[in-house]
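Examining the three-dimensional arrangement
Chain by chain, the residues:
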Amino acid sequence: MNLMIRYLRPFAGRMGVGLTIKVFGTLIELALPYILSHILKNIVYFERVAPIVMWGCIMIFIAALACTCNIIANRMASRVARDFSRNMRHDLFKRAMTLSSAQTDAFTIPSLEARITTDTYNVHNFVGVMQRMGVRAPILLIGGVAITLMMDSFLALVMISVLPFIFIVVYVISIKGIPLYTKVQRATDNMIRVVREDTQGIRVVKALSKTQYEHRRYDKTNTSLVSHEKKANIVMGMVNPFMTFLMNFGIVAVVALSANRVALGQSDPENVIAFMQYFTLISMAMMSVTRIFVMYTKSSASAKRIEEVIDTPCDILEHTQEEYPCIDTDDHITFKDVSFAYPGTIKTVTDIDFGIKKGSSLGIIGVTGSGKSTLIRLLLRFYDVNKGGIYINSRDIRTLSHTELHKTIGTAMQNDFLYADTIYENIDFGRHLPPDQIFKAAKIAQAHDFITAFPDGYAHPLSQKGTNISGGQKQRILIARAIAGNPQILILDDSSSALDYKTDASLRSALKENMAGTTTLTVAQRVSSVMNCDKIIVMDNGKIIAMGTHNELMQGCEEYIEISNSQIGGAFVD
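Structural notes, computed from the coordinates. Model, not experiment: these values are computed from the prediction.

**What to know about the nonpolar core**
Generally speaking, nonpolar side chains in soluble globular proteins are found buried as a group. One finds Leu30, Ile166 and Met286 to be the most contacted residues of the largest nonpolar core, which totals 42 residues. Those elements giving two or more residues to this core turn out to be helix 5 (109–151), helix 6 (153–160), helix 7 (163–200), helix 9 (211–237), helix 10 (239–263) and helix 11 (269–310). Of all hydrophobic cores here, the second largest spans 32 residues; its members include Leu433, Phe450, Tyr458 and Ala480.

Structure (C-alpha cells):
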C-alpha cells in the first residue's frame, strides 16, 4: 500500500474535501429511519395530516441532500482516481522505458505491458471504490450500530454478535486471495506474451500453415489463465454466501426476538421498523466492505507488481573519471580488453581489443552468434562490460551521461521499429530537426526517390512496424533516421541486409562522400557491405580472429576468404 499512499499524497486536499462531503451526506442519511420512527410513534398517533406532510417533506429534503452530497463526493473521487492512475501510469511507463536491457530481460516485455495496463486498472478501481465506499460503509456500519444501541440495546447486541464472524470470514478469505491473484497476473503475462509473439509473426505463421498449432499454444495459456482465475474467484466468491448467511441469521434472530419483546411490551413496533431499516443499512455496509476487501486483494497484488518496476534501482550508472580514468590514445573509439556475458550465460565476447580513428570506418563480420551485435550493444551501453573498458575520445563511456552518449551515436538496426505516422515523423523521431536535414539524410540513405514517388511524399503514412512498405524501403528509412541527427558515430547493425547490391553500393558511396568526418561501424553478413571499410574485424565464437583491410584478410584469413567465396566467388563488382 506504500505505493498508493505515495501517489495519493498530492491529492490529500482534494480527497479531504470529498471525504468531508461524503461523511456529511452519509450522516444525514442515517437520520432517515430515526425520523420515520418518530413519525410513526409521535406524529401519526394524533391523526393530523399537516405534521405528517411536514416531516415527510423533511425526509425528502434530507434524502435529496444526501443524494447530492454523494454525487458530488463520487465525482471528486473519480477525478482523484483518474489523476492518481494517470500519474502512476506515467511514472511506470517512464521507468519501463529507462530500464536497462538486463532489467527488461528479467521483467520481460509482456509482463511490463500487463503491469502498465491490467495492474494499473486494478489499482485505479480500488482507489475509486475506496473513496466512495471506504468512508460510507464504516459510517453506516458504526453509526447504525450506535443508533440501534440507543434504540434497543438488547436487539442491537444480537445483531452485533454476528459481525465478528463476518469480519473473520472476510479477512481469512482475503489473505488467501492475494497470492491467488498474483498467480492470475502471471498467467496474464504468459497469455500476453503468446498473443504478442503471434501477432508480430502472423505472416510467418500463415506462410508455414501453423495457424492451428499457434491456436493450440494460445489455448493452452488461455486455459491456464482461466484455471487460475477460476480458483481465485471461487475462493473470493465464498465471501458473499458466508456473509449473506450470517446476516440473514442475524435478521431472523432479531425478528424473532423483537416479536417476543413487542408482545411483552418491552419494545415498540415503531422501533422495530426503524431497527430493521438500520439493519438493512448495516447489511449494505457489510456488502460494501466485502467488495472493498475483494478489490483490495486484486489491487494489492497489482500494486506490488507496479512497485517492483517503479522502485527498481538503476543498474547502468554514471561514474566519475576517478573511478574510470581516461586513457592515452588518439583513437575515436577504443575497446580495451573487453569481456562480457549476458546474465545466466557463459562469456559472449572475450578479450576484445581494437581502436578506430575519427572519421574512419570499421566493418564487423562473422557467422551468426559470433558476438558482432553484442559489441554494438556494449558500445551503446545497453549493458556494462564485465571486464575491460570502452572509450570514446579516450573517455570511458561509463563516465558519460546517457544523453551525452546517445546523442553522439546514430544507430540503425535490422529490427528497428517504425510507428504509425508519416515517413517524415519517423525520420525526425521527435527531435524537431530542420526539414533540409531530414531530406538530406533521406537522399544519403537512398530513400528520397521512393519517398517522393508516393503521391503525398514525406507525408505518406506508415502502418505500425512499416508493414505497408517493403523491407528495403523500411531499412532505408531507418538509416535516414540514424543519419539525420548528424552523429559523430554512425552504427549500421545489419541494416542493409534487405538492400540489393546496387542500392547498397550507392549507400556506401553516399556515406563516404557526405559523412567523411563521421566514424562508421558496419555490422554485416555480406562481405560487399564491409569490403571498402578502412578496417575489418572478423569474429568467431566471441573473439576477434583476424583484423585488417579486405585485401589483407583475403591474403591470410581463411574464415574471411571462405565467407567471401561462398557469397560472390571472390569476384566483386564495384
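Now that the structure has been shown, the text picks up again.
**Some remarks on the sheet that holds strand 4 (residues 387–392)**
Strand order in the open sheet made by the four strands is 2-1-4-5, with antiparallel pairing throughout. Two strands lie at the open edges of the sheet, namely strand 2 (349–356) and strand 5 (395–396), each paired on one side alone. In terms of strand pairing, strand 1 (residues 333–340) meets strand 4 through five bridges, oriented antiparallel. The partner of serine 339 across the bridge, within strand 4, is lysine 387. Contacting strand 1, strand 2 and strand 4, helix 12 (residues 372–379) runs over the sheet at an angle of about 115° to strand 1.

**Some points on the sheet that holds strand 6 (residues 409–413)**
Ordered by their spatial adjacency, six strands build an open sheet running 6-7-8-3-9-10, and the pairing between neighbours is mixed. Single-partner strands in this sheet number two, and they are strand 6 and strand 10 (543–548). With direction set aside, neighbouring strand axes in the sheet form an average angle of 15°. Sheet topology note: the strand 7 (residues 489–493)/strand 8 (residues 519–524) ladder contains five bridges and is parallel. In the strand pairing of strand 8, leucine 490 is matched with threonine 520. Across the face of the sheet, helix 12 comes into contact with strand 3 (361–366), strand 6, strand 7, strand 8 and strand 9 (535–540) while running at roughly 145° to strand 8.

**Description of empty space enclosed by the protein**
Taken as a whole and judged by the stated rule, the model has two cavities of 30 Å³ or more. In this model, the largest cavity occupies a volume close to 60 Å³. As for the largest cavity, its lining consists of Arg14, Met15, Gly18, Leu19, Lys22, Ala73, Met76, Ala77, Val80 and Gln131. Elements that contribute at least two residues to the lining of the largest cavity include exactly helix 2 (12–43) and helix 3 (49–98). In terms of residue count, the dominant contributor to the lining of the largest cavity is helix 2 (five residues). The residue inventory of the lining of the largest cavity, partitioned by class, reads six nonpolar, two polar and two charged. The space that makes up the second largest cavity amounts to roughly 40 Å³. Every residue along the wall of the second largest cavity is listed here: Leu378, Arg381, Tyr383, Asp384, Val385, Ile390, Asp396, Ile397 and Arg398. When the residues that make up the lining of the second largest cavity are grouped by side-chain class, the tally is five nonpolar, no polar and four charged.

**Describing helix 12**
In terms of burial, helix 12 is a largely internal element, six of the eight residues being buried. Listed as buried for helix 12 are Lys372, Thr374, Leu375, Ile376, Leu378 and Leu379. Where helix 12 terminates, the next one or two residues include arginine 381, which has phi positive at roughly 60°.

**Points about the pattern of salt bridges**
Enumeration over the complete set of coordinates arrives at 18 salt bridges. Among the salt bridges present, the one from aspartate 83 reaches arginine 14, with a minimum N-O distance of 2.9 Å. Of this pair, aspartate 83 sits in helix 3 while arginine 14 sits in helix 2, placing them 69 residues apart in sequence. Of the residues examined, arginine 14 reaches a relative accessible area of 32% and is grouped as partly exposed.

Criteria and thresholds
- Position numbers for residues count from 1 along each chain, tracking the sequence in the order it is written.
- Given that the model is predicted, a residue must reach a pLDDT of at least 70 before its local features are reported, and side-chain atom pairs must reach 80 or more before they are shown or counted; all residues, however, enter totals for whole chains, interfaces and linings.
- Excluded from the side-chain calculations are hydrogens and water; all other atoms, namely the structure's heavy atoms, are used.
- Side-chain atoms within 4.5 Å link the members of a nonpolar core, which is a set of buried Ala, Val, Leu, Ile, Met, Phe, Trp, Tyr and Cys residues.
- With a 1.4 Å probe rolled over the protein chains alone, any residue whose accessible area is under 20% of its type maximum counts as buried; one over 50% counts as exposed, and the rest are partly exposed.
- Helix and strand assignments follow DSSP, with helices taken as H or I runs no shorter than four residues and strands as E runs no shorter than two, numbered in order from the N terminus.
- Any two strands are treated as partners once DSSP identifies two or more bridges connecting them.
- For this analysis, residues touch if any pair of their heavy atoms sits within 4.5 Å.
- Each axis is a line fitted through C-alpha atoms, and for a helix only the stretch in contact is used; angles between axes span 0 to 180 degrees, taken between their N-to-C directions.
- In this analysis, the protein atoms alone were mapped onto a 1 Å grid. Cavities are point sets where a 1.4 Å probe fits without being able to get out; pockets are open sets with protein on both sides within 12 Å along at least five of seven lines; lining residues have an atom within 4 Å of a point.
- Grid points are joined across faces, edges and corners, and a volume is the space filled by probe spheres set on the points.
- Throughout this entry, Asp, Glu, Lys and Arg are counted as charged residues, while Ala, Val, Leu, Ile, Met, Phe, Trp, Tyr, Cys and Pro are counted as nonpolar. The remaining residues, Gly among them, count as polar.
- For salt bridges, the criterion is a side-chain nitrogen of Lys or Arg within 4 Å of an Asp or Glu carboxyl oxygen.

Just geometry here; none of it tells us what the structure is for.
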